[in-house]
Amino acid sequence: MNPYILAILLFGLGLGTTLTFASSHWLLAWMGLEINTLAIIPLMSQHHHPRAVEATTKYFLTQATAAAMLLFASTTNAWLTGQWDIQQMTHPLPTTMIILALALKIGLAPMHSWLPEVLQGLDLTTGLIMSTWQKLAPFALLLQIHPSNPTTLIILGITSTLVGGWGGLNQTQLRKILAYSSIAHLGWMTLVLQFSPSLALLNLIVYFIMTFSTFLVFKLNKTTNINSLAISWTKAPMLMALTPLILLSLGGLPPFTGFMPKWLILQELTKQSLPLLATFAALTALLSLYFYLRLCYAMTLTISPNNLTGTAPWRFSSPQLTLPLAISMSGTILLLPLTPSISALLSF
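In this text the structure is predicted, and so the values were computed from the model without any measurement. Residue positions are given per chain, counting from 1 as you read along its sequence in written order. For this predicted model, a pLDDT threshold of at least 70 governs which residues receive local features, and a threshold of 80 or more governs which side-chain atom pairs are given and counted, while totals over whole chains, interfaces and linings are taken from all residues. Hydrogen atoms and water are omitted, and side-chain values are computed over all heavy atoms in the structure.

1. Some details on the overall build of the chain
The secondary structure content of the chain amounts to 16 helices and zero strands. For 348 residues, the compact-globule estimate of 2.2 N^0.38 gives 20 Å, and the chain sits close to it at 20 Å. Each principal axis of the C-alpha distribution contributes one length, and for the chain these read about 70 × 50 × 35 Å. To sort residues, take the accessible area from a 1.4 Å probe on protein chains only and compare it with the maximum for the residue type: under 20% means buried, over 50% means exposed, and anything in between is partly exposed. In the chain, which comprises 348 residues, the proportion classed as buried is 52%. In this analysis, two residues are considered to be in contact whenever any of their non-hydrogen atoms come within 4.5 Å of each other. Considering only intrachain contacts with a sequence separation of at least 6, the fraction spanning at least 24 residues in the chain is 77%. A residue counts as positive if it is Lys or Arg and as negative if it is Asp or Glu; His and the chain ends are not included. The atoms used to mark charge sites are NZ of Lys, CZ of Arg, CG of Asp and CD of Glu. Across the chain, the centroid of the 13 positively charged side chains sits 14 Å from that of the 6 negatively charged ones. Under the DSSP-based scheme used, a helix requires at least four consecutive residues in state H or I and a strand at least two consecutive residues in state E, with every element numbered from the N terminus. Note on method: radius of gyration uses C-alpha positions; expected globular size equals 2.2 Å times residues raised to 0.38.

2. Examining the nonpolar core
Among soluble globular proteins, nonpolar side chains are generally buried collectively. Working definition of a nonpolar core: buried Ala, Val, Leu, Ile, Met, Phe, Trp, Tyr and Cys residues. They are joined through side-chain atoms within 4.5 Å. Among the nonpolar cores identified, the biggest contains 101 residues, and Trp26, Tyr59, Ile98, Val118, Met130, Val217 and Leu239 are the most heavily contacted of them. The leading source of residues in this core is helix H10 (residues 197–221), at 13 residues.

3. Quick look at the environment of Leu142
As for its position among the elements, Leu142 is in helix H7 (residues 133–144). Here the alpha-carbon distance between Leu142 and Pro92, two residues 50 residues apart in the chain, equals 15 Å.

4. Quick notes on the pattern of salt bridges
Put simply, a salt bridge is a Lys or Arg side-chain nitrogen that is within 4 Å of an Asp or Glu carboxyl oxygen. A complete count under the given rule lists three salt bridges for this structure. For Lys58, the salt bridge identified is with Glu117, shortest N-O distance 3.7 Å. With Lys58 in helix H3 (residues 50–81) and Glu117 in helix H5 (residues 114–120), this pair connects stretches of sequence that are 59 residues apart. Residue Glu117 is classed as partly exposed on the basis of its relative accessible area of 32%. A salt bridge links Lys176 to Glu117, with the nearest nitrogen and oxygen atoms 3.6 Å apart. Of the two residues, Lys176 is situated in helix H9 (residues 174–193) and Glu117 in helix H5; the sequence distance between them amounts to 59 residues.

5. Some points on the packing of helix H2 (residues 26–44) against helix H6 (residues 124–131)
Note on geometry: axes are lines fitted to C-alpha atoms, helical ones only across the stretch in contact, with angles between N-to-C directions running from 0 to 180 degrees. Contact geometry for H2 and H6: axes closest at 10 Å, N-to-C directions at 160 degrees. Classified by the angle their axes make, H2 and H6 are roughly antiparallel. Here H2 runs over H6; the crossing is left-handed. On the side of H2, the interface is formed by Ile40, Leu43 and Met44, while H6 contributes Thr126, Ile129 and Met130. Charged residues are taken to be Asp, Glu, Lys and Arg, nonpolar residues to be Ala, Val, Leu, Ile, Met, Phe, Trp, Tyr, Cys and Pro, and polar residues to be all remaining types, Gly included. Tallied by class, the residues present in the contact of H2 with H6 amount to five nonpolar, one polar and no charged. Here is the rule for angles: anything less than 35 degrees is roughly parallel, anything more than 145 is roughly antiparallel, 65 through 115 is roughly perpendicular, and the remaining ranges are oblique. Left-handed describes a crossing whose near helix is turned anticlockwise from the far helix through less than a right angle; right-handed describes the clockwise counterpart.

6. Re unusual backbone geometry
For the bond running from Ala109 to Pro110, omega is 5 degrees, close enough to zero to count as cis. Along the chain, Pro110 turns up in the loop between helix H4 (92–106) and H5. Cis peptide bonds are those with omega within 30 degrees of zero, and the linkage from Pro254 to Pro255 qualifies with 5 degrees. Along the chain, the position of Pro255 falls in the loop between helix H12 (237–251) and helix H13 (259–271).

7. With respect to the UniProt feature "transmembrane region" (unreviewed entry) in the chain
UniProt positions are given in the numbering used here, feature names are shortened, and annotations may be inferred rather than shown by experiment. UniProt marks residues 60–80, 92–115, 151–170, 177–195, 201–218, 239–256 and 276–293 with the feature "transmembrane region" (unreviewed entry), using the numbering shown here. Helix makes up 85% of residues 151–170 and strand 0%, and the two end C-alpha atoms of the span are 30 Å apart. In this annotation, residues 177–195 is assigned 89% helix and 0% strand; the end-to-end C-alpha distance for the span is 29 Å.

8. A look at H10
The end-to-end C-alpha separation of H10 is 36 Å, in line with the 36 Å expected for 25 residues at 1.5 Å each. Among the 25 residues that make up H10, 18 are buried, leaving the element largely enclosed by the rest of the structure. A positive phi of about 55 degrees marks Lys222, the residue just after H10. For a helix, the expected span equals 1.5 Å multiplied by the residue count minus one.

9. Brief notes about the packing of aromatic side chains
Working definition: rings of Phe, Tyr and Trp (its six-membered ring) pair if their centres are within 6.5 Å, and the pair is stacked with planes under 30 degrees apart, edge-to-face with planes over 60 apart, and tilted otherwise. In the structure shown here, the tally under the stated rule is four aromatic pairs. Judged by centre distance (6.0 Å) and plane angle (50 degrees), the rings of Tyr207 and Phe208 are tilted. Phe208 matches Tyr207 in its accessibility class, with the two residues each being buried. Geometrically, the ring pair formed by Phe291 and Tyr292 is tilted, given 4.9 Å between the ring centres and 55 degrees between the ring planes. We classify Phe291 as buried; its relative accessible area is 0%. Ring-over charges, as used throughout, are those where CZ of Arg or NZ of Lys falls within 6 Å of the ring centre and within 35 degrees of the ring normal. The side chain of Lys262 reaches across the aromatic face of Trp188, ending 5.1 Å from its centre.

Structure below.
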């Protein structure tokens, strides 16, 4: 892609998200989301592959539906209450509609079906933008809505953690696995959104760090399925030795960074007298952990002299910078000891 066009599209992505962040009026927030969607569509379809075009079409239709729903709900709210302000959502009907529209935007279950299909049709760089940056604007709006009854968010959250774990179990494509991982992590954030917004934000940041390093590892090795992951140890043995640690961090195992938000969220849910919800969320995390362990098994226990699970491709040196990967990998593996400091910051 022409670098000038690429720069304009990336600027559009940044502008759309910033506009939504800065807005207190629903129309302005909607406009930011639309700019965001329209900026990423050319990035998604830049390879002119049938799967990329299919993914782009699915994404456009989904986002257009969610945007129309959001606009309709905000207009209904203005009609019922006379308020366009984002933080003045008092009527339950438009509030629920807006929560569902934003859930469709970011891919929360049960409105998640488009996310694995779309992510599977994209290259890893655009997939990374889709899994991280595109979640920011809708999540910022979810943080600003304070529904009087948190039941909708709790149902969306617990369904997402369950579907995110269940859906990834029989997948062999890495991008689909990462899509279900994204659904599960967003479910955890939505669960705690009503009780501790700062904790949900912490979970989002940690998820971004972990997903960033995972996508960069797969991009460096040019791997898109489990079979090609199983034979990538020949190219970068040191990196492949560290990658299981990233995946276990994504699964939320101690002593890695991914354990921190899960630990704090379970603690917060217990404080809110929701022990059954906390127990169920912890059990659904085991489902996600299973498919991360499958990836770890493929990377570490299928190496020579065992039978190879795929044919070895040509190994060209990658032009990708390794510094961003080194920084994000350190963040993914080593930040757990900072938990007391972070929880002290969150309590202010």
